[in-house]
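What the coordinates show
Now for the letters of each chain:
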Amino acid sequence: MDKNPQDIFDYANITDDCIKCGKCIPVCTIHNVNADEVTSPRGFLDLLGAYQRGKLDLDENVKSIFESCFLCTACVEVCPKSLPTDMVIEQVRADIAKKFGIAWYKKVFFLLLRHRWLNDLAFKFGWTFQTCGFKIKKDVDSMSSRFNLPMLKTDRVLPSLRKTSFLNSHAEHIDNGGKRKVAIFIGCLSNYNYKDVGDGLLEILGHLEIDAFLAKDQKCCSAPAYFTGDFDTVDNNAKFNIEYFEGFGEDIEAIIVPEATCSAMLKIDYEHYFHDQPEWQARAKKVMGKVFMATEWLQNHTHLEQLLASKKKDTKIVTYHDPCHARKMQGIYEEPRNLIRQNYNIVEMSDPNSCCGFGGVTMQSEKYHFAKAAGVPKAAMIKKTEADIVSAECSACRMQINDAMGNESTTVFKNPIELIAEALRK
Ligand code: SF4
Ligand code: SF4
């Protein structure tokens, strides 16, 4: 990315920069499931340019078009001009939200993301009653509806809830010898649903004798709100997290995040979001310089790889899916593989870098038919590897891939952190 955020949000300029080469078309996740020029990167850019020049109204049809981008950044990766299609679409979604409002159920969800205590309460309530409406597969933290509902069919696989969240299960300061110290930013799905990720991370830090600070006041990074255009929630949570991280930043070496989307949001999207608030932009840039994906930091700043090499090799086959927010946005793909391969056999799927089709809150609700269609090729390439385990350092990918593979699949999803923790136990 060679453009600064101030230039990026001048859509008309970005649109003029598009040379219509079409390199982005074959990799575009939405175009692959809805082969129409308007739902392609250059189509989106054309419409955005027309909108900024006042030649296009944001009507229901245009809204629907802009909401069908998966924000996967596959187009940005191949574009010879590095045009940030995803970022301008994120920006126009704020205008859409202002004009059309935000659906009530998304408003409720984003309200929960602003208040940890409310979120804790809601998830506790959900855990108490989840068995009434859902069949639970406890071993894989998944569940399926008992009834066929309009947006929730019985074959849909969703994350199940844990009784106690990760952050509420441990002390805030964990002393592993006091020589080194990191903070953990856990992410909402690993906090409430895939809790073994955080537990595994604590086990790993214990083996490495690195103290952990759980930063229990952390708020959701606000990525779900950002991708939906709810910029009030982004402003609220981002400013809170920046101030909070500034408060303890000097005492720790790094803030490690076992989640691709959350780390990309903190490290990259906060800076873009604050393009018109320079003071906050500078503060975000400074404090988020300490944020790393968990495997990235563990591989590059500790002796974990050597420690794993001294442990037993497992016969299980693992295939690794590259989350868009890890590989395309942060360049992280070698680190998790380097760590996993010390104890497991990795078999690569045909295209590990293709988007799994998660796409965000709107894609998982109103536009679920697109998410479902985009998951089909990913599930097929995973199946072809005959792997026992599919891994990715991202719980949004986990939710989408579990659903795409379906209830009958024998391939189990694990975050690389869980695989590493298991290897250290042997
Ligand atoms: S971000 Fe992904 S879905 Fe959106 S235009 Fe680019 S390639 Fe297509
Ligand atoms: S690859 Fe870039 S320049 Fe080429 S059509 Fe797509 S957005 Fe335009």
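Just so it is clear, the structure is predicted and the values come from calculations on it, not from any experiment. (Residues numbered from 1 in each chain as written. Chains lettered and ligands numbered in written order. Predicted model: local features only at pLDDT ≥ 70, side-chain atom pairs only at ≥ 80, totals over all residues.)

Let's talk about the overall build of the chain
Assigned secondary structure in the chain consists of 22 helices and 12 strands. Computed over the C-alpha atoms, the radius of gyration of the chain is 21 Å, within 12% of the 22 Å expected from 2.2 N^0.38 for a compact globule of 426 residues. Taken over the C-alpha atoms alone, the chain extends approximately 65 × 50 × 45 Å along its principal axes. The proportion of buried residues among the 426 residues of the chain is 49%. (Helix = DSSP H or I, 4+ residues; strand = E, 2+ residues; numbered from the N terminus. Rg over C-alpha atoms; globule rule 2.2 N^0.38 Å. Buried ≥ 20, exposed ≤ 12 C-beta atoms within 10 Å, placed from the backbone.)

Brief notes about the environment of Phe-227
With respect to the secondary-structure elements, Phe-227 resides in helix H12 (residues 223–228). Phe-227 gets classed as buried once you count the C-beta atoms within 10 Å, which come to 25. Once the C-alpha coordinates of Phe-227 and Glu-67 are considered, the two residues, 160 residues apart in sequence, prove to be 9.2 Å apart. With residues up to four places along the chain from it excluded, the contact list for Phe-227 reads Leu-71, Glu-90, Gly-360 and Val-361. (Contact = placed C-beta atoms within 7 Å.)

Description of helix H8 (residues 104–114)
When H8 is considered as a whole, its buried residues turn out to be Lys-106, Phe-109, Phe-110 and Leu-113. Looking straight down H8, one finds its buried side chains confined to an arc of 95°; they lie on one side. Relative to its buried face, H8 has exposed residues pointing more than 90 degrees away, namely Trp-104 and Val-108. For H8, the secondary structure elements touched by its buried residues are helix H9 (116–133), helix H10 (188–192), H12 and helix H13 (231–248). (Arc of directions from axis to C-beta.)

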